[in-house]
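Each chain, written out:
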Amino acid sequence: RDTELPRSPPAAAEPRHASPAAPRRLREKLRSRSSAPAAHTAPASRPQGPDGERPAEVGTGAPRESRAPFHFDYERFRQSLRHPVRGGRPDQDPDTRARKMKIKEMMKFAWDNYKQYALGKNELRPLTKNGHIGNMFGGLRGATVVDALDTLYIMELEEEFQEAKKWVEKSFDLNVNGEASLFEVNIRYVGGLLAAYYLTGEEVFKSKALELGEKLLPAFNTPTGIPRGVINLGRQDTGMSWSWGWASAGSSILAEFGTLHLEFLHLTELSGNPVFAEKVLNIRKVLKRVEKPQGLYPNFLSPVTGNWVQHHVSIGGLGDSFYEYLIKSWLMSDKKDSEAKKMYDDALEAIEKHLVKKSAGGLTYIAEWRGGILDHKMGHLACFSGGMIALGAEHAGEERRQHYMDLAAEITNTCHESYARSDTKLGPEAFRFDAGTEAMATRLSERYYILRPEVVESYVYMWRLTHDVKYRQWGWEVVKALEKHCRVEAGFSGIRDVYTTVPTHDNMQQSFFLAETLKYLYLLFCEDDVLSLDDWVFNTEAHPLPVNHSNFKAKASVQ
Ligand code: DMJ
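Residues numbered from 1 in each chain as written. Predicted model: local features only at pLDDT ≥ 70, side-chain atom pairs only at ≥ 80, totals over all residues. Heavy atoms only, no water.

So, about the packing of helix α4 (residues 143-154) against helix α6 (residues 182-200). Interaxial distance between α4 and α6 falls to 8 Å at its minimum, and their mutual angle equals 30°. On the basis of their axis angle, the class for α4 and α6 is roughly parallel. As α4 packs across α6, the resulting crossing turns out to be left-handed. Where α4 abuts α6, its residues Ala-143, Val-146, Asp-147, Leu-149, Asp-150, Tyr-153 and Ile-154 lie against Arg-188, Tyr-189, Gly-192, Leu-193, Ala-195, Ala-196, Leu-199 and Thr-200. Tallied by class, the residues present in the contact of α4 with α6 amount to ten nonpolar, two polar and three charged. (Axes fitted to C-alpha atoms, helices over the stretch in contact; angles between N-to-C directions. Helix = DSSP H or I, 4+ residues; strand = E, 2+ residues; numbered from the N terminus. Parallel < 35°, antiparallel > 145°, perpendicular 65-115°, else oblique. Left-handed = near helix turned anticlockwise from the far one by under 90°. Contact = heavy atoms within 4.5 Å. Nonpolar A, V, L, I, M, F, W, Y, C, P; charged D, E, K, R; others polar.)

This brings us to helix α17 (residues 511-524). In an α-helix, one turn spans 3.6 residues, which is why side chains three or four residues apart end up on the same side. Its 14 residues give α17 an end-to-end C-alpha distance of 20 Å, which sits within 8% of 20 Å, the value for a rise of 1.5 Å per residue. At Leu-518, α17 shows its maximal kink, close to 25°. When you tally the buried positions in α17, you get 14 out of 14 residues, the bulk of the element. (Expected span 1.5 Å × (residues − 1). Bend = angle between axes of the 7 residues up to and from the residue. Buried < 20%, exposed > 50% of the residue type's maximum accessible area, 1.4 Å probe, protein only.)

The next subject is the UniProt feature "binding site: Ca(2+)" (unreviewed entry) in the protein chain. The sites that carry the UniProt feature "binding site: Ca(2+)" (unreviewed entry) are, in the present numbering, Thr-540. Engagement of the side chain of Thr-540 in a polar contact is seen with the side chain of Glu-324, the distance being 2.9 Å. (UniProt positions renumbered as here; feature names shortened; annotations may be inferred. Polar contact = N/O pair within 3.5 Å; in protein donor to acceptor, adjacent residues only side chain to side chain.)

This structure, assessed with the given rule, holds 30 aromatic pairs. Seen from their ring centres, Tyr-471 and Trp-474 are 5.4 Å apart, and the 85° between their planes marks the pair as edge-to-face. A residue pair is termed a helical-turn pair when its members lie 3 or 4 positions apart in one helix, as Tyr-471 and Trp-474 do in helix α16 (residues 470-486) at three residues. Overall, Tyr-471 belongs to the buried group, its relative accessible area being 2%. The ring of Trp-330 carries the charged tip of Lys-341 above its face, separated from the ring centre by 5.0 Å. (Phe/Tyr/Trp six-rings, centres within 6.5 Å; stacked < 30°, edge-to-face > 60°. Lys NZ or Arg CZ within 6 Å of the ring centre and 35° of its normal.)

With the rule as written, the count across this model stands at 34 salt bridges. The partner of Arg-188 in a salt bridge is Glu-541, with the nearest N and O atoms 3.8 Å apart. In this pair, Arg-188 sits in helix α6 while Glu-541 sits in the loop between β18 (536-538) and β19 (544-546), placing the two residues 353 residues apart along the sequence. Classification of Arg-188 by relative accessible area gives buried; the value is 2%. Between Asp-346 and Lys-342 there is a salt bridge, and its shortest N-O distance comes to 2.6 Å. Taken together, the positions of Asp-346 and Lys-342, both in helix α12 (residues 338-354) and four residues apart, correspond to about one turn of that helix. For Asp-346, a relative accessible area of 36% corresponds to the partly exposed category. A single network of salt bridges, built from pairs that share partners, joins Glu-368, Arg-370, Asp-375, Arg-432 and Glu-446. (Salt bridge = Lys/Arg side-chain N within 4 Å of Asp/Glu carboxyl O.)

A few words on the nonpolar core. Leu-140, Tyr-323, Leu-426 and Leu-482 are the most contacted members of the largest nonpolar core, which has 165 residues in total. The residues contacting Leu-426, other than those within four sequence positions of it, are Ser-418, Tyr-419, Tyr-449, Val-478, Ala-481, Leu-482, His-485, Cys-486, Ile-495 and Val-498. (Core = buried A, V, L, I, M, F, W, Y, C linked by side-chain atoms within 4.5 Å.)

Once that is clear, we can look at the side chain of Asp-150. In this fold, Asp-150 is placed in helix α4. The buried category is assigned to Asp-150, whose relative accessible area is 0%. A polar contact is formed between the side chain of Asp-150 and the side chain of Thr-151, at a distance of 3.5 Å. One polar contact links Asp-150 to Lys-519, side chain to side chain, over a distance of 2.9 Å. In this structure, Asp-150 is in contact with Ala-195, Leu-199, Lys-519, Ala-542, His-543 and Pro-544, ignoring residues within four places of it in sequence.

A word on the sheet that holds strand β5 (residues 241-242). Spatially, the three strands line up as an open sheet ordered β3-β4-β5, and their pairing is antiparallel. Two strands in the sheet have a free side with no partner beyond their single neighbour: β3 (179-181) and β5. With three bridges joining them, β3 and strand β4 (residues 230-232) adopt antiparallel strand pairing. Within the sheet, the bridge partner assigned to Glu-179 lies in β4 and is Asn-232. Across the face of the sheet, α6 comes into contact with β3 and β4 while running at roughly 65° to β3. (Pairing = 2+ DSSP bridges.)

Strands sit in the order β9-β12-β13 across an open sheet of three strands; the sheet is antiparallel. Because the sheet does not close on itself, it has two edges, and the strands there are β9 (312-313) and β13 (373-375). In the sheet, β9 pairs with strand β12 (residues 368-370) via two bridges, with the strands oriented antiparallel. In the strand pairing of β12, Val-313 is matched with Trp-369.

We note that Gln-294 has phi near 55°; this positive angle belongs to a residue other than glycine. We note that Lys-335 has phi near 65°; this positive angle belongs to a residue other than glycine. As for its position among the elements, Lys-335 is in the loop between α11 (320-332) and α12.

As a further point, take the state of the cysteines. Scanning the entire structure with this criterion turns up one disulfide. Linked covalently through their sulfurs, Cys-383 and Cys-415 form a disulfide whose S-S length is 2.1 Å. Classification of the bridge connecting Cys-383 and Cys-415 rests on its S-S torsion, roughly -90°, and on that basis the disulfide is left-handed. In this pair, Cys-383 sits in the loop between β14 (377-379) and α13 (385-393) while Cys-415 sits in helix α14 (residues 398-420), placing the two residues 32 residues apart along the sequence. Judged by its relative accessible area of 1%, Cys-383 is buried. We classify Cys-415 as buried; its relative accessible area is 1%. (Disulfide = S-S within 2.5 Å.)

On to the UniProt feature "active site" (unreviewed entry) in the protein chain, then. As annotated in UniProt, the feature "active site" (unreviewed entry) corresponds to Glu-184, Asp-320, Glu-429 and Glu-454 in the numbering used here. Here Glu-184 shows up in helix α6. Assessed through its relative accessible area of 1%, Glu-184 is described here as buried. You can see Glu-429 is positioned in the loop between α14 and β15 (430-432). A residue is classified by how much of its surface remains accessible, and Glu-429, at 12% relative accessible area, is buried. Those residues within four positions of Glu-429 in sequence are excluded, and the remaining contacts are Gly-379, His-380, Glu-446, Tyr-448 and Arg-452.

Right, let's get into the packing of α11 against α12. Two elements in contact, α11 and α12, have axes separated by 8 Å at closest approach and are oriented at 145°. The element α11 and its partner α12 pack so that their crossing is left-handed. Only Ser-338, Ala-340, Lys-341, Met-343, Tyr-344, Ala-347 and Ile-351 of α12 make contact with α11, whose side of the interface consists of Tyr-323, Leu-326, Ile-327, Ser-329 and Trp-330. In terms of residue class, the contact of α11 with α12 is built from nine nonpolar, two polar and one charged.

Set out below in structure tokens:
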């Protein structure tokens, strides 16, 4: 889910992988199966088009001109939605509406400043009023534009949405040559473009998503088909990819290769090309085959042997969104992908057995596991899990349902405590439960807050599934804290120490602040039919992707 560990240049010590024979055989095998529907099809996936066209051969080496046309029926998709995407209920009470409008104003402020000082760069530096490019996106630009598109649309910031769309049309260049994180490009760019397409039907978003998706395919050219973490977007000929320099022994990261499934199924859905779905179904096959210590999934796997490289297990960074994508794969398939559900249920059972603990003060937390030894620490990233467990609980058997809802509420409460116990009312990057400490950072290096969304994300799911008003209150506390400590003259900035109210800004407005934090805050104060959980699953960057409703007759009114 997150790769924000110290990043050493990916290239140096890593053997470079350039399409050896084994992946070629794998590709051939997958291609030979490509005329049959995949076992777990993407939403409403059709191996043949309405007029009997064959799926286009996107990304499989066929020259573009020779590919058969494929038509995705957007109107039919829109009719399958059960709720208008931006909601259809009469407006709410004035206080809730005012809060929602306040969050909309924050989004406009974040966008306007990005546009003024950094349009086309990846993020805004709000103190120095310039742009940041960074090295995660391999030469791609405009991460904030693509990440912000769906939030602008949902908030009905029409003019700003048009500005963002225009930038994508005119300036978003995919012909770049640089080393990119497969995971980050997928969740932010591919996810952001897919969501923008599904929400608006604008072809430009679809074509950019598909073009970018193709550029990611060479990362899968490994002996097992488990992709490496870093890919050179400009080297399609040789398919150059590398493992992160910091990842043990050339391994791939669970949260990275485990966080492709939702987007890749949609790439197949929109292109008619099975290759994307095949890549991620193969990942699942490898994961099913490998032995899991105590039923747990360690974070590092060799893309060469398909075996674990070391036994570090975490529901926070390095592991997190792998679990999220299991339950969401099931939900996105309209609850048909029972393999994903079983994998999720089994993983959660093992996590609960080995990692979930209660502090002396009665706070439930999820520890990390290093070969059987527990590290009593929870990262901010792990705080998405309250929401995930609640989402999964909805669909557990009756007796497990209440148990998981209680667990989700306890974890969300613990994450709220990590905010409530700080002077700024914002939570640290990691907090601990040892040596008398409870839900607070003990190391200087863990005291920062970079505008992350995970705690608010859990508040949204808990709110939608329980309607307990405390989640809206907690969300409002976050709004006030952001305004007080993170809002600066030209945007929002992360802070270096949540335990001091003397400003220590990090001069970075992360793109996920617009994609996730503000979107989730806004949704917390919306009616439940805005991006309804009946119709959408959120990718790990909060980009909504549609559920496959095969029952088109059950449709309700649409926008
Ligand atoms: C986002 O890019 C995504 O939520 C990812 O899964 C984790 N890291 C950031 C937000 O903290």
